[in-house]
Amino acid sequence: MKAFSIFIALFLISGSCPEYANSQTDSCGSNLTAVNGAQFLFDTSSLNCDAVWTAQDYILRYAQASPNVWSFVLSAPNIDCYVAMGFSPNGDMVGSSAIVGWVDSDGVGGVKQYYLGGQTPAQVLPDQGNLVIIGNSTSIVAVDSTIYMGFQLNASTPRNQLIYSVGPAGILPSSPSYRLTQHQNMVTTTMNYLTGQTQTVKAPYSNLKKNHGILNMLGWGILLPIGAIVARHCKEWDPIWFYSHISIQSLGFILGLAGISCGFVLEHKLSAIVSHHKGIGIFILILGCLQMMAILARPDKASKRRKYWNWYHHNVGRLMIFFAVVNVFYGIHLGLAGRGWDVGYGIVLVGLFIIAAVLEVRMWMRK
């Protein structure tokens, strides 16, 4: 209980760090030519404009400058992250080519093309890709709280399946490798260059991904701690506490097993590389199976072996809950579910922690 409490406290402290607020730093009503300090290497006076990613305040301005030349200016909040715009042949990130830009704390910026050959940073290759960038057309500048990235492409019509992403705060590409770290958020869209309309594309297997997260969070990450609280603090209501404990833990195990099954299907469908998340999940499942089988070997209360069984059952349960909580938060991070899921699950854990702490004090006062 004490170790679990310390873990929750540390996690809440780390989770309470402020997130960059999305404030509208640019709009289609703004005139680029009137932005002080924004120097572009092509004409920006007659660009079309669209708010392509409202959640991150991404504004895209574009136009066909000549039969085979297209001009683009992407603006986004300057929050010490890289910004990226990918052109995909099929809507997937893998196989797309992206223009990535950044401006560091000293005001020094960079723009590079990357080829996304896989899902690991080592497979994201700088200075490679299928985009034909017009020479000396790229530029990037931070003006007040907005970053502007401009470039021109040589194409009859650019690919209309566009991917936008934002990188992790404070981790920018740098020489000599210009390695690109995994984005913290992204969205896939389709662009109609004639009408200027952008539509967000729903991520593949998003419902399966959501079911995987909810089932594991509810089963391993919520019901198991509740069952443990019942077993520790409700023994005065015998035998109700025992049957409640068994029922809650069994339901948690069933939901968790279903969630892990969804995870295996999801891994196969998306060809996802989630070895650590998967390994922890399998470890939790093994501990859960051991706990379920331990019920069959539960000695009588009068048996001398009962204290050893209790020690095993209690500590394996604590270990399982600890790794379940860690893996739920890790899964939220891998799935890019957003800060709301972190906060929501954190609030549930805080509630359970407060209940457990009050009951713990009550138990010690009665001794």
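Owing to the predicted nature of the structure, the values given are computational and were not obtained by experimental measurement.

Geometrically, the link from Ser-175 to Pro-176 is a cis peptide bond, its omega value of 5 degrees lying close to zero. With respect to the helices, strands and loops of the structure, Pro-176 is situated in the loop between β10 (161-166) and β11 (185-192). Note that the residue after Asp-238, namely Pro-239, is joined by a cis bond; omega there is 5 degrees. As for its placement among the helices and strands, Pro-239 is situated in the loop between α2 (206-233) and α3 (240-270).

With that settled, consider the confidence of the model for the chain. This prediction gives the chain a mean pLDDT of 88; 91% of its residues lie at or above 70. Within the model, pLDDT remains below 50 along residues 1-24, and this stretch shows 29 contacts once partners closer than five positions in the same chain are excluded.

Taken as a whole and assessed by the stated rule, the structure comprises 1 cavity of 30 Å³ or more. Volume-wise, the largest cavity comes out at about 30 Å³. Lining of the largest cavity is provided by Gln-56, Tyr-58, Ala-76, Pro-77, Ile-79, Cys-81, Tyr-82, Val-83 and Val-166.

Turning our eyes to something else, we now look at the layout of surface pockets. Empty space among the atoms becomes visible once a probe the size of a water molecule is rolled across them. Considered as a void within the structure, the second largest pocket measures approximately 1,100 Å³ in volume. In this structure, the second largest pocket is lined by 41 residues; those nearest its centre are Ala-228, Ala-231, His-245, His-313 and His-314. Within the residue set of the lining of the second largest pocket, elements represented by two or more residues are α1 (2-15), α2, α3, α4 (275-294), α5 (306-334) and α6 (339-366). If you tally residues by element for the lining of the second largest pocket, the top one is α5, at 10 residues. Partitioning the lining of the second largest pocket into residue classes produces 24 nonpolar, 10 polar and 7 charged.

One pass over the full model with this rule turns up 6 salt bridges. A salt bridge links Glu-360 to Arg-232, with the shortest nitrogen-to-oxygen separation between them at 2.7 Å. Here Glu-360 is found in helix α6, whereas its partner Arg-232 is found in helix α2, with 128 residues between them in sequence. The buried category is assigned to Glu-360, whose relative accessible area is 13%. Judged by its relative accessible area of 33%, Arg-232 falls in the partly exposed class. The salt bridge involving Arg-366 is made with Glu-236; its shortest N-O contact spans 3.3 Å. With Arg-366 in helix α6 and Glu-236 in the loop between α2 and α3, this residue pair connects regions lying 130 residues apart in the sequence.

Applying the stated criterion across every chain yields a total of 1 disulfide. Between the sulfur atoms of Cys-28 and its disulfide mate Cys-49 the distance is 2.1 Å. The chirality of the disulfide connecting Cys-28 with Cys-49 is left-handed, given an S-S dihedral of about -80 degrees. Separated by 21 residues along the polypeptide, Cys-28 in the loop between α1 and β1 (48-53) and Cys-49 in strand β1 bring together distant segments of the chain. A residue is classified by how much of its surface remains accessible, and Cys-28, at 38% relative accessible area, is partly exposed. Cys-262 forms no disulfide, and the closest cysteine sulfur to it belongs to Cys-289, at a distance of 17 Å.

Before going further, it helps to spend a moment on the packing of α2 against α5. The axes of two packed helices give the description: the angle between them and the distance between them. For the pair α2 and α5, the least separation of the axes is 9 Å and the interaxial angle reads 150 degrees. Put simply, α2 runs roughly antiparallel to α5. By crossing handedness, the relation of α2 to α5 is classed as left-handed. Within the contact between the two elements, α2 uses Asn-216, Met-217, Trp-220, Gly-221, Leu-224, Pro-225, Ala-228 and Arg-232 and α5 uses Arg-318, Met-320, Ile-321, Ala-324, Val-328 and Ile-332.

Within a regular strand, side chains alternate between the sheet's two faces. Relative to strand β2 (residues 58-66), β1 runs antiparallel, the two being bridged by 5 bridges. For Cys-49, the partnering residue across the bridge sits in β2 and is Arg-61. Counting the residues in the hairpin turn of β1 and β2 gives 4 residues, including Asp-57, whose phi is positive at 60 degrees. As paired elements, β2 and strand β3 (residues 69-77) share 7 bridges and run antiparallel to each other. Its bridge partner lying in β3, Leu-60 is registered against Leu-74. A loop of 2 residues connects β2 with β3, the two strands running antiparallel in sequence.

Locating Arg-306 in the fold gives a position in helix α5. With residues near it in sequence (within four places) discarded, Arg-306 still touches Arg-298, Pro-299, Asp-300 and Lys-301.

A few words on the pairing of β10. Among the 6 residues that make up β10, 5 are buried, leaving the element largely enclosed by the rest of the structure. Pairing between strand β4 (residues 83-88) and β10: 6 bridges, direction antiparallel. Bridge pairing in β10 links Phe-87 to Leu-162. Two strands pair when backbone bridges link them, and β10 and β11 are joined in this way by 6 bridges, in the antiparallel orientation. The residue bridging Ser-165 from the neighbouring strand is Met-186, located in β11.

Procedures and definitions
Residues numbered from 1 in each chain as written. Predicted model: local features only at pLDDT ≥ 70, side-chain atom pairs only at ≥ 80, totals over all residues. Heavy atoms only, no water. Helix = DSSP H or I, 4+ residues; strand = E, 2+ residues; numbered from the N terminus. pLDDT = per-residue confidence, 0-100. Contact = heavy atoms within 4.5 Å. 1 Å grid on protein atoms, 1.4 Å probe; cavity = no way out; pocket = protein on both sides within 12 Å on 5 of 7 lines; lining within 4 Å. Points joined across faces, edges and corners; volume = space filled by probe spheres on them. Nonpolar A, V, L, I, M, F, W, Y, C, P; charged D, E, K, R; others polar. Salt bridge = Lys/Arg side-chain N within 4 Å of Asp/Glu carboxyl O. Buried < 20%, exposed > 50% of the residue type's maximum accessible area, 1.4 Å probe, protein only. Disulfide = S-S within 2.5 Å. Axes fitted to C-alpha atoms, helices over the stretch in contact; angles between N-to-C directions. Parallel < 35°, antiparallel > 145°, perpendicular 65-115°, else oblique. Left-handed = near helix turned anticlockwise from the far one by under 90°. Pairing = 2+ DSSP bridges.

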